[in-house]
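# Descriptive analysis of the structure
This is what each chain is made of:
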Amino acid sequence: MQNNQVLGLHHHIPLTWVRLAKLTPHLGEQKRTTASLLRKLTTASNGGGFEELPLVGPKKCVQQLQCQANLVYCLPEKQGTSVDGEPRRLEKVVCSLLDMGFSDAHINELLSIQPGPSPQQLLDLISEFILLGVNPEPVYVALKQSPQLLNLPVVQVKKRSSYLRKLGLGEGKLKRVLHSCPEIFTMRQRDVDEVVQVLKEKCLFTVQQVTEILHRCPNVLREDPSELEYKFQYGYFRMGIKHVDVVRTEFFKYSLTKIKQRHVYLERLGRYQTPDKKGQTQIANPLLKDILRISEAEFLAKTACSSAEEFVVFKKLLALEEEELESSMSEEEEEEEDEDEEEDEDEDKDEEQL
Amino acid sequence: MTYSVQFGDLWPSIRVSLLSEQKYGALVNNFAASDHVSAKLEQLNAKDFVNEAISHWDPEAESDHSVAPSTACSPNLRCFTFARGDVSRFPPARLGSLGVLDYYLMDAASLLPVLALGLHPGDTVLDLCAAPGGKTLALLQTLCCRNLAANDLSTSRTGRLRKVLQSYVPQGIRERNQIRVTSWDGRKWGELEGDTYDRVLVDVPCTTDRHSLHEEENNIFQRSRKKERQMLPMLQLQLLAAGLLATKPGGHVVYSTCSLSHLQNEYVVQGTIELLANQYSIKVQVEDLSHFRKLFMDTFCFFQSCQVGELVLPNLIANFGPMYFCKMRRLT
């Protein structure tokens, strides 16, 4: 019955909702939503583009309505105590989600996640992400990947959202962060603060640079703040990379191990020099992208001009060196160099046993 | 260092090796009760590179049939190393039942000059710059020394040399071998003991490139030591000359350094030969070691372009050396 009426209307796109609202009383709650839609529609007919409307096309309408019907009837578990109120609330949520641009399939999935929030909670949560400028598809992906986000109190999410906006991570910049580091919503405020603080106050990045770093290298949120600082110091002092370039080359994306391996290798080969106080080197250092951003094979062939065999051994030796450095630092030992050793070509290790 | 000119494209590989942990060999102490030592070292996955080289020598492949490896190399030397690319380390040597240590850890490349010297049983041997004693010990391990004279200018260094001998050679054998340790000026040996020895090793003081690259302080390459550095080849030449003068006519000398510099290596050899010819009318001939080099190619990386002598190049896969050595025969 319902369907026939819809099909009959497929030539009259803008009026579909309105008609339905009138013709199908149990969708009465839709009126409010419909009213707001009407307003949008009238603006559209006055010259605004249809693109602003969440409605897509006749076929979509049919699908949406059918799906909606299915949703309503397939999710009895979602019902709370009130049998009458719940379906309506659910429908409202579904409709809102459809308005936002989520596909039926996605909505279905999101609502089915167990354990999950109530539909209203889900809507409130998702709304926060949408308001932060993340599109429906990425929101869906993020939530599917990290369902723990769904169970966050909305208050916390709102609070975190406003903080992220302050950091400059609104307007769609959040998408990448949300995808690779959903913890940005679940972690403690204190921990996020620490990371931001290290970047701003210890590493002396500007506010814009901090935003850019969080946006492009969200993994920094997962790192220990003092290790993050050390990584920066390694790049800045040891490798002579300026702040601008640390940001531009996404330096923080790479593990310290990888950075050290490739940098120290080049240095010992004589192919990389730490710039002096004036920022000068005797040789032209390879570009950072040719050091970190390429595969190992390319790095060896193009930048290091060395063999894979040698690099394998080097990495092992470097790991041993780091181990020894750590253990000697923790024991607070100082190694004394025997002066005579400078002239010896044989290592007389057994002397120690005498 | 300006080795990039001398070595070209090879230099980065050498440089990274010099700056990374070197590889060691375990020289088996023949004076300890040592059968189990070889087994122990083999269990660690190390192999005796000397034995490997000699056993893999293919007589058919060699054009020069006159020299068999058994005569070309000093005998009785066993030295274990880990395979190419294996960065394992040897555990420290242990005291055996005879009260001496079971093996001596050294740069395996240091054994090559001793192998090349080609000792025969009953030889009288001189080690002109013996301290700290690795090569001296190796000479004794050949079991060929009728007597061995070990000298080093520095008394503190000869002190170390004595300790090494005490740790590795039981007293009885030390006495039997008539080992004499002295702290005299090696340059005087021509006058002190001219025409005396069958085999002479002149392992000269040099810029010890591997250590110099690590050391910031008191580095031989720093400007304040420039004079000393420039004087070095002169000193080395004088020592080699003394060593040759101390050799019997018909006897053999091996000159060795742990430097990459041809100013300390080939130039010294060529300069000394010229000096001996001009000033002493003594004829010295360089012996070709390319055959010897081929024996050990699997374990060491050799430089292919030495004018005279052989040079082991450090490489990450086989981080031995640098070790330059050149064998000479005193003809007159």
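Treat the numbers as computed from the prediction; the structure is a model and nothing was measured.

Let us look at the overall build of chain B. When its secondary structure is counted, chain B shows 14 helices and 13 strands. The globule rule puts the C-alpha radius of gyration for 332 residues at 20 Å, and the 19 Å found for chain B is close to it. Excluding contacts between residues fewer than 6 apart, the proportion of contacts in chain B whose partners are at least 24 apart in sequence is 77%. Carbon and sulfur atoms make up 49% of the accessible area of chain B, which amounts to about 13700 Å² in all. Averaging the locations of the 33 positively and 34 negatively charged side chains of chain B gives two centres separated by 5 Å.

Now for the UniProt feature "binding site: S-adenosyl-L-methionine" (unreviewed entry) in chain B. Residue and element names in this part refer to chain B. Residues annotated in UniProt with the feature "binding site: S-adenosyl-L-methionine" (unreviewed entry) correspond here to Cys129, Ala130, Ala131, Pro132, Gly133, Gly134, Lys135, Asp152, Asp185 and Asp203. With respect to the element layout, Cys129 can be found in the loop between strand 5 (123–127) and helix 7 (134–141). Note on Cys129: relative accessible area 10%, which makes it buried. In this structure, Ala131 sits in the loop between strand 5 and helix 7. Among the residues examined, Ala131 registers a relative accessible area of 3% and is labelled buried. In contact with Ala131, other than residues within four places in its own chain, are Asn151, Asp152, Arg157, Thr158 and Leu161.

A few words on the pattern of salt bridges. Using the criterion set out here, one finds 29 salt bridges over all chains in the structure. Its salt-bridge partner being Glu109 of chain A, residue Lys144 of chain A comes within 3.5 Å of it at the nearest N-O pair. One end of the pair, Lys144 of chain A, is in helix 8 (residues 136–145); the other, Glu109 of chain A, is in helix 6 (residues 104–112), and 35 residues separate them in sequence. A residue is classified by how much of its surface remains accessible, and Glu109 of chain A, at 33% relative accessible area, is partly exposed. The partner of Asp102 of chain B in a salt bridge is Lys40 of chain B, and the shortest N-O contact between them spans 3.1 Å. Taken together, the residues span a long stretch of sequence, with Asp102 of chain B in the loop between strand 3 (79–82) and strand 4 (103–106) and Lys40 of chain B in helix 3 (residues 35–43) at a distance of 62 residues. Take Lys40 of chain B: its relative accessible area is 25%, and that puts it in the partly exposed class. Taken together, the salt bridges that share partners define one network made up of Arg176, Glu212, Arg216, Glu250 and Lys253 of chain A.

Here we take up helix 18 (residues 308–331) of chain A. If you check helix 18 of chain A, its first and last C-alpha atoms are 35 Å apart, about what 24 residues at 1.5 Å a residue would give, namely 34 Å. Residues of helix 18 of chain A that are buried include every one of Glu310, Phe311, Val313, Phe314, Lys315, Leu317 and Leu318 of chain A, and no others. Residues of helix 18 of chain A that are buried sit in contact with helix 16 (256–269) and helix 17 (296–304) of chain A together with helix 2 (11–18) of chain B.

For Pro225 of chain A, the position within the fold is in helix 14 (residues 225–238). Between the alpha carbons of Pro225 of chain A and Ser146 of chain A there is a distance of 24 Å; along the sequence they are 79 residues apart.

Right, let's get into the sheet that holds strand 2 (residues 46–48) of chain B. Residue and element names in this part refer to chain B. Across the sheet, four strands lie side by side as 2-3-1-4; this open sheet has antiparallel pairing. The two strands at the open ends of the sheet, each matched to only one other strand, are strand 2 and strand 4. Neighbouring strand axes in the sheet, compared pairwise and without regard to direction, differ in orientation by 30° on average. One ladder, built from three bridges, connects strand 2 with strand 3; its direction is antiparallel. Bridge assignment links Lys47 to a residue of strand 3, and that residue is Thr81.

As recorded in UniProt, the feature "active site" (unreviewed entry) lies at Cys258 of chain B. Counting through the fold element by element, Cys258 of chain B comes out in the loop between strand 9 (247–257) and helix 13 (266–280).

This part covers a negative patch on the surface. A cluster of acidic residues, Asp193, Glu194, Asp224 and Glu227 of chain A, forms a negative patch on the protein surface. Secondary-structure assignment places Glu194 of chain A in helix 12 (residues 189–202).

This part takes up helix 13 of chain B. Residues and elements named next belong to chain B. Taking 1.5 Å of rise per residue, the 15 residues of helix 13 would be expected to cover 21 Å, and the 20 Å separating its terminal C-alpha atoms lies within 8% of that figure. Every buried residue belonging to helix 13 is among Glu266, Val268, Val269, Thr272, Ile273 and Leu276, and all of these are buried. Close packing links the buried residues of helix 13 with helix 12 (226–245), strand 9, strand 10 (284–287) and strand 13 (323–330). Phi for Ser281, located one or two positions after helix 13, is positive at around 55°.

In this section: the nonpolar core. Counting residues in each nonpolar core, the largest one holds 81 residues, and the members touching the most others are Phe185, Phe205, Leu221, Phe252, Tyr265 and Phe299 of chain A. Ignoring sequence-local partners within four residues, the contact set of Phe205 of chain A consists of Leu199, Lys200, Val210, Ile213, Phe232, His243, Val246, Val247 and Phe252 of chain A. Residues Val28, Ala46, Cys73 and Leu140 of chain B belong to the second largest nonpolar core, which totals 66 residues.

Tallied over the entire structure, the rule returns zero disulfides over all chains. Distance from the sulfur of Cys217 of chain A, which forms no disulfide, to the nearest cysteine sulfur (Cys181 of chain A) is 12 Å. Summary of cysteine pairing: Cys306 of chain B is not part of a disulfide, and the nearest cysteine sulfur, belonging to Cys326 of chain B, is at 9.1 Å. The exposure class of Cys306 of chain B is buried, given its relative accessible area of 17%.

What follows concerns the confidence of the model for chain A. Residues and elements named next belong to chain A. Confidence in the prediction for chain A averages 76 pLDDT; 69% of positions are at 70 or higher. Within the model, pLDDT remains below 50 along residues 1–63, and this stretch shows 42 contacts once partners closer than five positions in the same chain are excluded. Confidence drops under a pLDDT of 50 for residues 339–354, and excluding neighbours within four residues, the segment shows 58 contacts in the predicted structure.

The next point concerns the side chain of Lys260 of chain A. When you line up the elements, Lys260 of chain A lands in helix 16. Not counting chain neighbours up to four residues away, the residues in contact with Lys260 of chain A comprise Tyr230, Tyr234, Tyr265, Leu318 and Glu322 of chain A.

Reading the values: rules and limits
Residues numbered from 1 in each chain as written. Chains lettered and ligands numbered in written order. Predicted model: local features only at pLDDT ≥ 70, side-chain atom pairs only at ≥ 80, totals over all residues. Heavy atoms only, no water. Helix = DSSP H or I, 4+ residues; strand = E, 2+ residues; numbered from the N terminus. Rg over C-alpha atoms; globule rule 2.2 N^0.38 Å. Contact = heavy atoms within 4.5 Å. Areas by Shrake-Rupley, 256 points an atom, 1.4 Å probe, with all protein chains shown as cover. Lys, Arg positive; Asp, Glu negative; His and termini not counted. Charge placed at Lys NZ, Arg CZ, Asp CG, Glu CD. UniProt positions renumbered as here; feature names shortened; annotations may be inferred. Buried < 20%, exposed > 50% of the residue type's maximum accessible area, 1.4 Å probe, protein only. Salt bridge = Lys/Arg side-chain N within 4 Å of Asp/Glu carboxyl O. Expected span 1.5 Å × (residues − 1). Pairing = 2+ DSSP bridges. Axes fitted to C-alpha atoms, helices over the stretch in contact; angles between N-to-C directions. Patch = residues over 30% accessible without salt bridge, like charges linked within 9 Å, V, L, I, M, F, W, Y side chains within 5 Å. Core = buried A, V, L, I, M, F, W, Y, C linked by side-chain atoms within 4.5 Å. Disulfide = S-S within 2.5 Å. pLDDT = per-residue confidence, 0-100.

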